[in-house]
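Structural features, examined
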Amino acid sequence: MNPKFYLIAVLFLPLLFGCQSTSPKSQWSDLIKAGQFTKADSTLQSYLAENGSKLSDEDRQDLIWQQEWMKRVRIDYPYNRADIIRQMQKRIADFQPAEFDRWMSEDKFDFRVINGDTLFLYPSVSNLFFRYPDIAKRRLPKPDNSKYEQYFWNNYAKIMEAGKDNPNSTVVPVKFRVHFTITVDPNAAPADETIRCWMPYPRIYAQQTDMKLEESSPQVKWVDRPDSPIRSLYFEQPAAADQPTVFKATYSYTAYSTHHKIDVDKVQRVSLNDSTLKPYMSEQPPHVVFTPELIGLAKKIVGNQKNPYLQAKALYEWVAKNIQYSYAAEYSTIPNISMYTFNHGYGDCGQEALLYITLARSLGIPARWQSGWYIMPGGKTIHDWTEIYIAPYGWIPVEPYMGIKTQQYMDTLTQEQQDTLTDFYFGNIDAYRLMANCNQNQKLYPAKKYFRSDNVDFQRGEVEWKGGNIYFNQFSYSLNVEILDQ
């Protein structure tokens, strides 16, 4: 088994089994560690049938979650060796099957052994292009990112010009209209059963204002409060036999770019006992934990630097140059995302953000999560980033992903342009955002009854019926954007 993923299993097991003092946990924990999911599931199912009524609600839910976790992991690893070779033959110039075996021996793939089969993470081939420049040069078709990267550069110049003599930190407003659709697969719930749906909706913020829900289908039953840390529109609709169940909303809002002017000599360190900031300087298990490895790394990066702004910038620059981008397994299947990213040296935008948050908080720098969608033309995607609190200036954005992107992947810009953009995304941000969350691991309202499909983030929506959660493999989502004014 790939040692990286064996480590994940070992790390996750205490979370899965630690409170099962009355359960024969060795019967299934060893099976899961060995990748014997079918046997583990059967053992768990038998135990629940015989002992479920004797267990506390918490213990019973823990056992059910173990079964759910295995299902989710199996969905994330759909390909075998032959599948991956076929993909590489189409996507890598002059690929030879012998290269597969060499790259396996060099630990270049994300894989697990499940029920005796070696299975690969769904974006395994795509991730080769992010991690290995020599393979990226052979990518078919060769991507042309020049227009997109130039758009980045031109937008940066526009923000800097607008902020030059402007005392306000918010500049260059852009008005958007968003059409969001969540489509639940036919028969994901029985006919006439009510499907509950939560859809991301922009929260009120200095950088994001003037939200207006223009129309919806069906009618929205609840709009979460404007300052909710996980803002949503809530729907209910009965399922129809053999038909998809569709939820739609159209809304508009205005977003601003930010341009902060920080005088380093005026920066102050906040008190660790500040009640409003303390939550953002504290551990937040399971993904923000001050492990010895991360404490040591943060101290090594900042060295003798005492200024919190310059410490935070040093952390950002380290992440930008040392962590690579990769598509990820579902967050709900990872025990500690910041440690996952540290151990692997790669991650997606949310994993990079959580690593940065943990490093910053370990030094007493308040840091928090921001997430929703990135909606710049040509680059629309779900997205996560961070903010740090710098006294006396307040919260300022920090974009670990953009630092990585500008330093490692914008190859049509000059090195000077890359460095300039990297510097910009520490403390500043563009307007092409839809911000729905300001903290990770938050609770939806109205409360969700069953396991969340993503219990860390909220960008794609959540769906359930009275019989259980409806997972990502049973619904699709789409977000279309109109730029109304800029």
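Summarised in this report is the structure supplied together with it. (Residues numbered from 1 in each chain as written. Predicted model: local features only at pLDDT ≥ 70, side-chain atom pairs only at ≥ 80, totals over all residues. Heavy atoms only, no water.)

Examining the packing of helix 11 (residues 308-322) against helix 14 (residues 400-408)
The contact between helix 11 and helix 14 brings their axes to 8 Å, and the two run at 50 degrees. Here helix 11 is positioned oblique relative to helix 14, judged by the angle of their axes. Taken as a pair, helix 11 and helix 14 cross one another with a handedness that is right-handed. Of the residues in helix 14, those touching helix 11 at Tyr 316, Val 319, Ala 320, Lys 321 and Asn 322 are Pro 400, Gly 403, Ile 404, Gln 407 and Gln 408. Partitioned by chemical class, the residues of the contact of helix 11 with helix 14 number 5 nonpolar, 4 polar and 1 charged. (Axes fitted to C-alpha atoms, helices over the stretch in contact; angles between N-to-C directions. Helix = DSSP H or I, 4+ residues; strand = E, 2+ residues; numbered from the N terminus. Parallel < 35°, antiparallel > 145°, perpendicular 65-115°, else oblique. Left-handed = near helix turned anticlockwise from the far one by under 90°. Contact = heavy atoms within 4.5 Å. Nonpolar A, V, L, I, M, F, W, Y, C, P; charged D, E, K, R; others polar.)

Some words on the nonpolar core
Counting 94 residues, the largest nonpolar core has Phe 152, Tyr 251, Tyr 253, Leu 315, Tyr 356 and Ile 388 as the members making the most contacts within it. For Phe 152, the residues in contact, after removing those within four places along its chain, are Tyr 374, Met 376, Met 402, Lys 405, Met 410, Leu 421 and Tyr 425. Judged by nonpolar contacts, the second largest core, of 18 residues, contains Ile 32, Phe 37, Leu 63 and Leu 119. (Core = buried A, V, L, I, M, F, W, Y, C linked by side-chain atoms within 4.5 Å. Buried < 20%, exposed > 50% of the residue type's maximum accessible area, 1.4 Å probe, protein only.)

Remarks on the sheet that holds strand 4 (residues 194-200)
With antiparallel pairing, 5 strands are arranged side by side in an open sheet as 6-7-4-15-16. Both edges of this open sheet fall to strand 6 (222-223) and strand 16 (468-470), since each of them pairs with a single strand only. Across 3 bridges, strand 15 (residues 462-465) lies against strand 16 in antiparallel orientation. Looking at strand 16, one finds that Val 463 is bridged to Ile 470. (Pairing = 2+ DSSP bridges.)

Some thoughts on unusual backbone geometry
In this structure, the amide linkage connecting Ser 217 to the following residue, Pro 218, adopts the cis form with an omega of -5 degrees. Between Tyr 445 and the following residue, Pro 446, the backbone shows a cis peptide bond with an omega angle of -5 degrees. Residue position: Pro 446 is located in the loop between strand 14 (433-437) and strand 15. A positive phi angle is found at Asp 94, which is not glycine, with a value near 55 degrees. By the secondary structure assignment, Asp 94 is in the loop between helix 5 (81-91) and helix 6 (97-105). Unusually for a residue other than glycine, Asp 210 sits at a positive phi of about 60 degrees. Within the fold, Asp 210 resides in strand 5 (residues 208-217).

Quick word on the pattern of salt bridges
Throughout the structure, instances matching the rule amount to 25 salt bridges. With a shortest N-O distance of 3.7 Å, Lys 33 and Asp 30 are connected by a salt bridge. You can see Lys 33 and its partner Asp 30 sitting in helix 2 (residues 25-33), 3 residues apart, about one turn around the helix. One salt bridge connects Lys 313 with Asp 423, and the closest N-O pair in it is separated by 2.6 Å. Placement of Lys 313 in helix 11 and of Asp 423 in helix 15 (residues 415-424) is noted, with a sequence separation of 110 residues between them. Here the salt bridges share partners, and the residues they tie into one network are Glu 99, Arg 102, Glu 106, Lys 108 and Arg 138. (Salt bridge = Lys/Arg side-chain N within 4 Å of Asp/Glu carboxyl O.)

Notes on the environment of Gln 150
Here Gln 150 shows up in helix 9 (residues 146-163). Along the chain, Gln 150 and Asn 441 lie 291 residues apart, while their C-alpha atoms are 35 Å from each other.

Concerning the pairing of strand 3 (residues 170-184)
Inspection of the sheet shows strand 3 paired to strand 8 (residues 245-258) by 13 bridges, in the antiparallel sense. Paired with Thr 170 across the two strands is Thr 258, which belongs to strand 8. Here 10 bridges tie strand 3 to strand 17 (residues 475-485), and the two strands are oriented antiparallel to one another. In the sheet register, Phe 180 faces strand 17, and the bridge partner there is Leu 479.

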